[in-house]
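Listed below are the residues making up each chain.
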Amino acid sequence: MMLTLPGCVFWIILLLLHTADCAVGSQPVVSIEGHIGAGMVLLCETQGWYPEPEVVWLDSEGDPLSADPLLETNTDSVGLYTLRLSVTVQETDRNLFNCRVKQKYLKGDETARIHVPDELFYQNYSWKVPVAVVLGVCVVGLAMAICVLVKRQRHKMKRLKTDTETLISEKDKLIHEKASIIHEKDQLNREKYTTTDQKETLSEQLDLVNTRGCQDYEVVRRHAVDVTLDPDTAHPRLILSNGGKQVSNGSKQALPNKPERYSRSHNVLGKQRFSSGRFYYEVRVKNKTEWHLGVAKETCQRNGENIGFRPNCGYWTIRLKEDKYLALTKVEVHLHLSQEPQKVGVFVDYEEGMVSFYNVEAKCRIFSFTGCAFTETLYPFFSPALPGNSGENSAALIICPV
C-alpha cells in the first residue's frame, strides 16, 4: 500500500522525534581479558548511549561471531547506557576481530578492531610435562628447606631461653610505665568529656545553624511574618482569594501582560520582599497531590520554554510530585519522610544563607539549603501545580497564621 503525502510527513516527524531523543556514546574500547581453554576472551566496552544500541562482535570478514557473547548492560543516574560485551574466540587465519556499536535511529556506527597475536592462542598442552617436573623439584626443595629451618629453629629456641629472663625484667618495667600512661590518659579523657559536655550545652543554646532534628522548630517560629500573594505575578490560570492568602487553579483570566507575571508555569510570588534578617511562614498543603514551595530571588527566570527551579537560577524550593518529595538542588534530592506534611513551614536566614523547610505537625525539619550567599531581594514562592484530569489536586494552597 502506498502512503499518502500526509502519512509520509507523519512518519518523517516521528523519526525526527526519535532521533532528537538519542545520545551517541563513546567509541568502543576493546581488550583481551584472558584464556578459556584454547580460546581467547575479548571484551568490548562503550558508554553514554541512549536508547540502548546494538553491540555485536564481527570477524575479519564482517560476519557475526558464532559463539554466544555475554552482554552486560547498566544505566547511569541520567539514563545513559553502558554496555560490556564479551566473547570467546578461537584462532583464525588473520586473528582480526571487530566490535560494532550501532544506534537504531542514527545512520552510521562506531567500530573498534583488535588483532590477537598468534602466540597468545594455546594449540597444545605440552607445557604440562615441564611444569610437573618443575613442581616436583620445588616439592623436594621445599622439604629440604623445612629440615634446615627446623634445625635453625631449635638453635634459636636455646638462645631464646637465655634471653627470656632479661626480657621479663624489661617487661615489668614496661608494665609499670604503661600503668602510668593509662592513668594520665584517664585524666585526659575526663577533661575531654567535661569539655564535650560544656560544648553540647552551648550548642543547644545556639540558634538554627547548630541545632538538630526538631529542636529548632520553636526558635524559627519566633521569626513569623505576614505573607500575602502578589496578583501581579500570578499565572492567568491561578485564582487568588480576596485576602491574598489562598491560591488554586481555575479558568484562564484576562490579566495585564506584565514582565513580572508568570505566563507559562502556574506560579505566584508573595508581595513581601526580604533583603536581610530572618523570616518564617507556614502553608497548608493538605489534600494536595502536588505542590511546589520555597523562595525566589528578584531576578529569577519567570518565563521561557524551560524554567530551571534550581539555586543557580534563583530558586530554593522543595516539591511534591508523583508521590515523591524532592529538594531541587543542583541534582534533585529524594526526601524520605516518615510522616507526610499537612502544613509546610518555610524559614530563611538571609545573613546565614540558609533556607529550611519544616513539617509543622511533626515539628521537625524536612530539608535545608545552606551556604546560599544571598545578594538579592527574596520573595516567597508558591505553586499549587497543575490539576489532574479527574479533578484531583484541586485543593488550594493556604497561607496560615503562625
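Being a predicted model, the structure only gives us computed values, none of them experimental.

Quick notes on the nonpolar core
(1) Moving on: Counting residues in each nonpolar core, the largest one holds 35 residues, and the members touching the most others are Trp-291 and Phe-382.
(2) Moving on: Counting 18 residues, the second-largest nonpolar core is a separate cluster that includes Met-40, Leu-42, Cys-99 and Ala-112.

A few points about the pattern of salt bridges
(1) Moving on: Scanning all chains against the criterion turns up nine salt bridges.
(2) Moving on: Connected through shared salt-bridge partners, Glu-45, Glu-72 and Arg-84 make up one network.

Things to note about unusual backbone geometry
(1) Moving on: Here the bond from Tyr-50 into Pro-51 is cis, since omega is -5°, no more than 30 degrees from zero.
(2) Moving on: Mapped onto the secondary structure, Pro-51 falls in the loop between strand E2 (39-49) and strand E3 (54-59).
(3) Moving on: The phi dihedral of Glu-322 falls on the positive side, at around 50°, and the residue is not glycine.
(4) Moving on: By the element assignment, Glu-322 lies in the loop between strand E13 (315-321) and strand E14 (324-327).

A few points about the sheet that holds strand E1 (residues 29-36)
(1) Moving on: Strands sit in the order E1-E2-E5-E4 across an open sheet of four strands; the sheet is antiparallel. The open sheet is flanked by E1 and strand E4 (70-75), the only strands paired with a single partner. Between one strand axis and the next, the sheet turns by 20° as a mean value, whatever way the strands run.

A look at the layout of surface pockets
(1) Moving on: Of the voids in this model, the largest pocket is the one considered here, and its volume is about 370 Å³.
(2) Moving on: Looking at the largest pocket, it is lined by 16 residues, and the ones nearest its centre are Ser-265, His-266, Phe-309, Arg-319 and Leu-386.

Regarding the confidence of the model for the chain
(1) Moving on: Of the residues in the chain, 86% have a pLDDT of 70 or more, and the chain-wide mean is 84.
(2) Moving on: The low-confidence segment residues 1-5 (pLDDT under 50) makes two contacts with residues lying over four places distant or belonging to another chain.
(3) Moving on: Counting contacts from residues 200-213, a segment whose pLDDT is below 50, to residues more than four positions away or on other chains yields 18 contacts.

Some words on the environment of Glu-61
(1) Moving on: Structurally, Glu-61 can be placed in the loop between E3 and E4.
(2) Moving on: Residue classification places Glu-61 among the exposed residues on the basis of a relative accessible area of 60%.
(3) Moving on: Expressed as a C-alpha distance, the spacing of Glu-61 and Asn-98, which sit 37 residues apart in the sequence, is 9.4 Å.

Cut-off values and rules
- Residues numbered from 1 in each chain as written.
- Predicted model: local features only at pLDDT ≥ 70, side-chain atom pairs only at ≥ 80, totals over all residues.
- Heavy atoms only, no water.
- Core = buried A, V, L, I, M, F, W, Y, C linked by side-chain atoms within 4.5 Å.
- Buried < 20%, exposed > 50% of the residue type's maximum accessible area, 1.4 Å probe, protein only.
- Salt bridge = Lys/Arg side-chain N within 4 Å of Asp/Glu carboxyl O.
- Helix = DSSP H or I, 4+ residues; strand = E, 2+ residues; numbered from the N terminus.
- Pairing = 2+ DSSP bridges.
- Axes fitted to C-alpha atoms, helices over the stretch in contact; angles between N-to-C directions.
- 1 Å grid on protein atoms, 1.4 Å probe; cavity = no way out; pocket = protein on both sides within 12 Å on 5 of 7 lines; lining within 4 Å.
- Points joined across faces, edges and corners; volume = space filled by probe spheres on them.
- pLDDT = per-residue confidence, 0-100.
- Contact = heavy atoms within 4.5 Å.

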